[in-house]
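# Descriptive structure summary
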Amino acid sequence: MAFVPGLTLARRYHDEVLAPILRRRCPDLRYAAGRLDAGSELLGLDTVRSTDHDWGPRAQVFVGAADAGRIPHVHAALDTDLPAEFLGWPTRFAGDDARLGVADPAGARHGVSVAELGGWWRERLGFDPAAGVDVEDWLATPTQRLAEVTSGAVFHDGLDGALAARRAALAWYPDDVWRHVLAAGWTRVAQSEHLPGRCAEVGDDVGSRVVTAGLARDLMRLGLLLRRRWPPYDKWLGTVFARLPGAAPVVDALVDALGPGDWTGRQRGLVRALEALAGWTDETGLAAPVRARARRFHRRPFLVLDAGRVAAALRAAITDPALRGRPLLGAVDQYLHNVDVLTDARQVRRLAGALRPDAPGAR
């Protein structure tokens, strides 16, 4: 069967299958529908390869709090009336991935979930953006989650625009939070940018490459943040970064930094990437321009950007005194890289909360 991008498939599934079922079986139900949960298709990056597991006609149906008690009835109607396939794709999935839908007695489940709107957001993010998004919410939410819920697609918003309003509330960081997160990213760079040269100097070429790769990851994430794009998880980080306006010279520089050459070639590529992203930072207008260029690390024979000065400029421009005084840890996925934690809103918020300046034992 011909490949259909997942969001296109999902929209047609809603329009041609789900909406008629809901009109027929639940004619007075007010609902919203879309695809916001997970999958490469939310970023428009699914391919034929994506179809080999947990892929097919899927959608989410959201109801308001007043209709939460009707969810079992809606589930039952869908379970009964959904076709076995749509456009040649099976509509039920084998396995035990609960995110895909509702289990049935035969051990397969359809790819349509039904949830109360506010409850779904609290489960997904740990808070409901309809009630506002504060600093702690922003810093405790992984950017992959923000990419998912603000990308994807809305097919129907019959809850007075409540679904679209929540997505809009998460479109981008407030400027002070953005400054803090960028400053934290540049702080990470400052902590490591001198290490590839030192590793190479003592003959540890593998170590030098490993540290350079870590810097490349941090720089790609910084670049996405500077261009107001939520960084996705690692599978798609390079792909999405390479599509940014003006990214091509940085990609070329990182290819040189990560390539097979010796340390001197690696350093040239890394310096070009560092200087380019320092320039992107100046272009945001979020802080006084630093116009940073590479310089020697103390009297050692290798170059660094001295990225702490970029972080300092951003921090100095934060207008909220409480946020300006926080340690430059940034958002949770800047200091945590564990999938099991980052995909569990309760765990990730508990961990982020423990690092708040006012948390018990903090200093």
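To start, this report covers the structure provided alongside it. (Residues numbered from 1 in each chain as written. Predicted model: local features only at pLDDT ≥ 70, side-chain atom pairs only at ≥ 80, totals over all residues. Heavy atoms only, no water.)

This part covers the environment of Pro5. Position of Pro5 relative to the elements: it lies in the segment before α1 (6-25). Spatially, the C-alpha atoms of Pro5 and Ser40 are 9.9 Å apart, while their sequence positions differ by 35 residues. In contact with Pro5, other than residues within four places in its own chain, are Asp46 and Trp55. (Helix = DSSP H or I, 4+ residues; strand = E, 2+ residues; numbered from the N terminus. Contact = heavy atoms within 4.5 Å.)

With that settled, consider the sheet that holds strand β8 (residues 112-116). Strand order in the open sheet made by the four strands is β8-β2-β1-β9, with mixed pairing throughout. The sheet is open, and its two edges are formed by β8 and β9 (153-157), each paired on a single side. Taking the axes of each pair of neighbouring strands and ignoring which way they run, one obtains an average angle of 20° across the sheet. Note that strand β1 (residues 31-35) and strand β2 (residues 59-63) share four bridges and pair antiparallel. Bridging across to β2, Tyr31 finds its partner in Val63. (Pairing = 2+ DSSP bridges. Axes fitted to C-alpha atoms, helices over the stretch in contact; angles between N-to-C directions.)

So, on to the side chain of Glu116. Here Glu116 is to be found in strand β8. Within the structure, Glu116 has its side chain in polar contact with the backbone nitrogen of Gly118 (distance 3.0 Å). At 2.6 Å, the side chain of Glu116 and the backbone nitrogen of Gly119 are in polar contact. Once residues lying within four places of it in the same chain are set aside, the contact partners of Glu116 are Val63, Gly64, Ala65, Ala68, Ile71 and Arg122. (Polar contact = N/O pair within 3.5 Å; in protein donor to acceptor, adjacent residues only side chain to side chain.)

Attention now goes to the pairing of β1. Extensive coverage of β1 is indicated by the burial of five of its five residues. Along β1, one buried face is formed by Tyr31, Ala33 and Arg35 and the opposite face, lined by Ala32 and Gly34, is buried too. In the sheet, β1 pairs with β9 via four bridges, with the strands oriented antiparallel. For Ala33, the partnering residue across the bridge sits in β9 and is His156. (Buried < 20%, exposed > 50% of the residue type's maximum accessible area, 1.4 Å probe, protein only.)

Tallying each qualifying case throughout the model produces 13 aromatic pairs. Between Trp120 and Trp121 the ring centres are 5.1 Å apart and the planes differ by 90°, which places this aromatic pair in the edge-to-face class. Trp121 sits in the buried class, given a relative accessible area of 0%. With a centroid separation of 6.5 Å and an interplanar angle of 15°, the aromatic rings of Phe297 and Phe302 are classed as stacked. With respect to burial, Phe297 and Phe302 carry one shared label: buried. In this structure an aromatic cluster arises from ring pairing among Trp138, Trp172, Tyr173, Trp178 and Trp230. Directly above the ring of Trp280 sits Arg227, whose terminal nitrogen or CZ lies 3.8 Å from the centroid. Directly above the ring of Trp178 sits Arg228, whose terminal nitrogen or CZ lies 5.4 Å from the centroid. (Phe/Tyr/Trp six-rings, centres within 6.5 Å; stacked < 30°, edge-to-face > 60°. Lys NZ or Arg CZ within 6 Å of the ring centre and 35° of its normal.)

Attention now goes to unusual backbone geometry. Excluding glycine, residues mostly carry a negative phi; peptide bonds, for their part, are mostly trans. Look at Arg228: it is not a glycine, yet its phi comes out positive at around 60°. Along the chain, the position of Arg228 falls in the loop between α9 (205-226) and α10 (234-242). Arg228 sits in the partly exposed class, given a relative accessible area of 45%. The backbone of His298 shows a phi angle near 50°, a positive value even though the residue is not glycine. Structurally, His298 can be placed in the loop between β10 (295-296) and β11 (303-304). Its relative accessible area of 63% is what places His298 among the exposed residues.

The next point concerns α9. Its 22 residues give α9 an end-to-end C-alpha distance of 31 Å, which sits within 8% of 32 Å, the value for a rise of 1.5 Å per residue. Taken across its 22 residues, α9 has 16 buried, putting it largely inside the fold. Arg228 sits one or two residues past α9 and shows a positive phi near 60°. (Expected span 1.5 Å × (residues − 1).)

Take the pattern of salt bridges next. For the structure on display, the rule yields 30 salt bridges. Between Glu136 and Arg356 there is a salt bridge; the shortest N-O distance is 3.7 Å. Remark: Arg356 occurs in the segment after α17 (345-354) and Glu136 occurs in helix α4 (residues 135-139); sequence separation between them is 220 residues. Measuring nitrogen to oxygen at the nearest pair gives 2.8 Å for the salt bridge that ties Asp205 to Arg266. Taken together, the positions of Asp205 in helix α9 and Arg266 in helix α12 (residues 263-283) put the pair 61 residues apart, joining distant regions of the chain. Look at Arg266 and you get buried, because its relative accessible area is 1%. Among the ionic contacts, a cluster of salt bridges with common partners joins Arg35, Asp37, Glu41 and Arg58. (Salt bridge = Lys/Arg side-chain N within 4 Å of Asp/Glu carboxyl O.)

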